Structure formats: structure tokens, C-alpha cells
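Read off the chains here:
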Amino acid sequence: MSVRQRVLSGVQPTGNLHLGNYLGAIRNWVEGQSQYDNFLFIADLHAVTLPHNPAELAKNTYTLAALYLACGLDLTHSTIFVQSHVPAHTELTWLLNCITPLNWLTDMIQFKEKAVKQGENVGVGLLDYPVLMASDILLYEPDKVPVGEDQKQHLELTRDIVNRFNHLFAKPDQPVLKLPEPLIRKEGARVMSLTDGTKKMSKSDPSELSRINLLDSADEIAKKIKKCKTDPTRGLEFDNPERPESNNLLTLYMVLSGKTKEEVATECQDMGWGQFKPLLTETVINALKPIQEKYQAIMDDRGYLESVLRHGKHKAEAVANQTLAKVKAAMGYSTPL
């Protein structure tokens, strides 16, 4: 029997997961999870590279873990764990810091963009974020790492660090660190902002009206869809670059209703927004209801959720510590007898 390839991915526990997160990524993870051995972590160490609310960090961590499960991630195929529960992440980061040239980090696009926003308050953690990300990946020796456009440069840096480390500390035919490959999954639905159909739905958008969160109440969903940006044209259509909101809202309806693009185009071609918005509202509410009910049941059983994260920690540590031991041995560290 062939061994399934290992896939690793992580999400920060900042803000609420929204429809863009679910339809663009998590639903695809769920649909394809039986093909891989999945290590899915909650990136709480990354969450503090920018100013954060300490009172919210643990709460958001549990919320995200429960949502993973509520969305359909199966523990038969997936290991769910919290990044900070596995000390090897920070230890390997320090070791890799010591062989990573500074200019590799200062050249990272995301660092430049975020550093400008923070000015003099920018922390070393933000600069070092990509090395921590490299450690996240390398500890679990994954065959594939799902990457979006904004993470491609980080995976390229990880591959550069692997090549540098193996050149410095490994024999040519016996690499210590495994070179990760990108996983380009079938693209999920590209969900755009409710307030601007040209921008992706994002939890960093300051306006709550821009996104529908997975845990929004029926009233909140109705309010957001009622207030979402539209245009004055009657009749809805896909793929008209002059009507990005029409394309976005039709796509949401199509994906969540399970109808084909042709069916939706025919159904909505003569509709006005006043007729379509209630239809979309009902569809979104019905699609999220099973997730919300399962989420609430999981959160009501805190012992179960703790056991999932405890099991994930032990399974992740078993893998991560093996990699860390190989790295330390290659670098010449002593091992206690």
C-alpha cells in the first residue's frame, strides 16, 4: 500500500474566518483531505508579529480549532495542533536564523509593506516571520505545501534556506532538510469584498460590512447583504468587468446553492437587486447553519476540543522533534546521554 503524501498548512488565529477563507481554501482541504496526510496548525506565534490583543489570542485559537472541525476536517486524515504547543518551532527558528543572511529577510515584500505601516514600532518578529514559517514547514518534512500568490516568496525563501543548510552541514548525497514543493490545489471560489467587488474578502479589512463571517448570525448576514455594494443595472450577469459586484454575488450564490453557472445565469438574468438579495441571504444562512450548529456543539464540549489539541500536539511533536534532532546533530550540538 502506498504511503500518502504529507501536506502542511497553517492559519493565524486573528479575526474571524469568513466565506472567503472557507470557499477559497478550507472547503478544498476538506474535499481533498483523504488523499493526503494533513498537518494543519493554528499559527499563534505568527499572530504576535503585529500588535495583538492578549485577551483574544487563546479565545481565537479555540474558535479556529472548532471551526476547522465544524467545516468537516476529519481527524482520521488530519492532525490539528497549535503552533506554540510545539517548542521545536521556535528552537529550529533560532538555528536557521544563524545561517540565514539578513538581506534575504529585508528583501521580503510583505516585510517592506508591513514595516512601512508600523514605522518605528516594527518588531524583529515581523522581520523574522519568514524564518519561523520555514521552520513550520521543515519540521514536518511535508511533500507539499499549499501556497497562494502572497506566500510564494516565503516558500522560495524556505527552499533557499534548505539549500544553504544542506550545503553547510550535510553530505551531498545525504540532505538533512527536505526540500518542500508547492501544492497548487484546484482553485476555490474567489470571494470578493461586499463593499468593493474588485478586492478580495479579507479579515484585515477594517469594515465588518465587507465580509460574511462563518459565525455571523442570520440577522448579521441579512444586514450585510442588504447593505452590500451593487450597481444600478437591472439583470445580473457573470464575467462583466464593468460589474464586479454582480459577478461576485452571483458566484457566491452559485457556489453555496450548488447550482451550475448556467443555471444561475438563466435564473438571475432578469432579476433586480431587490429580488436577488433576499435569495442570496437565504442561501448563505442555510449553507452556514450546519457549520454553526456543529461549531456550537464542539465549543460546548471543551473537554473534547482540548483532547483534539492535546492529541495533535503529541503527534506533531513526535514528528517535529525527529527533524530538530537531525538538524542539531548536523550542526554539532551535543546530545544528553
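Computed from a predicted structure; not experimentally measured. (Residues numbered from 1 in each chain as written. Predicted model: local features only at pLDDT ≥ 70, side-chain atom pairs only at ≥ 80, totals over all residues. Heavy atoms only, no water.)

**Considering helix α1 (residues 19-32)**
Phase 1: Compared with an ideal rise of 1.5 Å per residue, which puts 14 residues at 20 Å, α1 spans 19 Å between its outermost C-alpha atoms and is within 8% of the ideal.
Phase 2: If you look at α1, its biggest bend is around 40 degrees, right at I26.
Phase 3: For α1, the full list of buried residues reads L19, G20, Y22, L23, I26, N28, W29 and G32.
Phase 4: In this structure, the buried side of α1 is in contact with β1 (5-11), β2 (36-42), α2 (54-70), α9 (244-257) and α11 (273-300). (Helix = DSSP H or I, 4+ residues; strand = E, 2+ residues; numbered from the N terminus. Expected span 1.5 Å × (residues − 1). Bend = angle between axes of the 7 residues up to and from the residue. Buried < 20%, exposed > 50% of the residue type's maximum accessible area, 1.4 Å probe, protein only. Contact = heavy atoms within 4.5 Å.)

**Observations regarding unusual backbone geometry**
Excluding glycine, most residues fall at negative phi; most peptide bonds, likewise, are trans.
Phase 1: A positive phi is found at E141, a non-glycine position, where the angle reads about 45 degrees.
Phase 2: Relative to the helices and strands, E141 is located in the loop between α6 (124-138) and β4 (144-146).
Phase 3: With a phi close to 65 degrees, D239 is a non-glycine residue in the positive phi region.
Phase 4: Relative to the helices and strands, D239 resides in the loop between α8 (218-227) and α9.
Phase 5: The exposed category is assigned to D239, whose relative accessible area is 53%.

**Notes on the domain arrangement of the protein**
Phase 1: Per the domain assignment, the segments of the protein are domain 1 (4-186 + 301-329) and domain 2 (216-294).
Phase 2: One C-alpha centre belongs to domain 1, the other to domain 2, and the line joining them spans 34 Å.
Phase 3: The partner domain 2 presents seven residues to the eight residues of domain 1 that form the contact.
Phase 4: Carbon and sulfur atoms make up 80% of the area that domain 1 and domain 2 hide from each other, which totals about 640 Å².
Phase 5: Our count for the contact surface shared by domain 1 and domain 2 stands at zero salt bridges.
Phase 6: In this structure, the connection of domain 1 to domain 2 is made through one residue pair in polar contact (both at pLDDT 80 or more). (Domains from an automatic or database assignment. Buried area = accessible area lost by both parts, 1.4 Å probe. Salt bridge = Lys/Arg side-chain N within 4 Å of Asp/Glu carboxyl O. Polar contact = N/O pair within 3.5 Å; in protein donor to acceptor, adjacent residues only side chain to side chain.)

**Regarding the packing of α8 against α11**
Phase 1: For the pair α8 and α11, interaxial distance at closest approach is 9 Å and the crossing angle is 145 degrees. Handedness of the crossing formed by α8 with α11: right-handed. Where α8 approaches α11, its residues A218, I221, A222, I225, K226 and K227 are matched on the opposing element by K277, L280, T281, V284, I285 and L288.
Phase 2: The class makeup of the residues in the contact of α8 with α11 is eight nonpolar, one polar and three charged. (Axes fitted to C-alpha atoms, helices over the stretch in contact; angles between N-to-C directions. Left-handed = near helix turned anticlockwise from the far one by under 90°. Nonpolar A, V, L, I, M, F, W, Y, C, P; charged D, E, K, R; others polar.)

**A closer look at the UniProt feature "binding site: L-tryptophan" (unreviewed entry) in the protein**
Phase 1: Here the UniProt feature "binding site: L-tryptophan" (unreviewed entry) sits at D136.
Phase 2: With respect to the helices, strands and loops of the structure, D136 is situated in helix α6.
Phase 3: Residue classification places D136 among the buried positions, given a relative accessible area of 1%.
Phase 4: Setting aside chain neighbours within four positions, we find D136 in contact with L8, F41, H46, Q83 and H89. (UniProt positions renumbered as here; feature names shortened; annotations may be inferred.)

**A closer look at the pattern of salt bridges**
Phase 1: Applying the stated criterion across every chain yields a total of 14 salt bridges.
Phase 2: For D37, the salt bridge is made with R6, and the minimal N-O distance between the two is 3.5 Å. With D37 in strand β2 and R6 in strand β1, this pair connects stretches of sequence that are 31 residues apart.
Phase 3: A salt bridge links K261 to D239, with the shortest nitrogen-to-oxygen separation between them at 2.7 Å. You can see K261 sitting in helix α10 (residues 261-268) and its partner D239 sitting in the loop between α8 and α9, a full 22 residues away along the chain.
Phase 4: A cluster of three or more residues bridged by salt bridges with shared partners is formed by E208, R211, D216 and K224.

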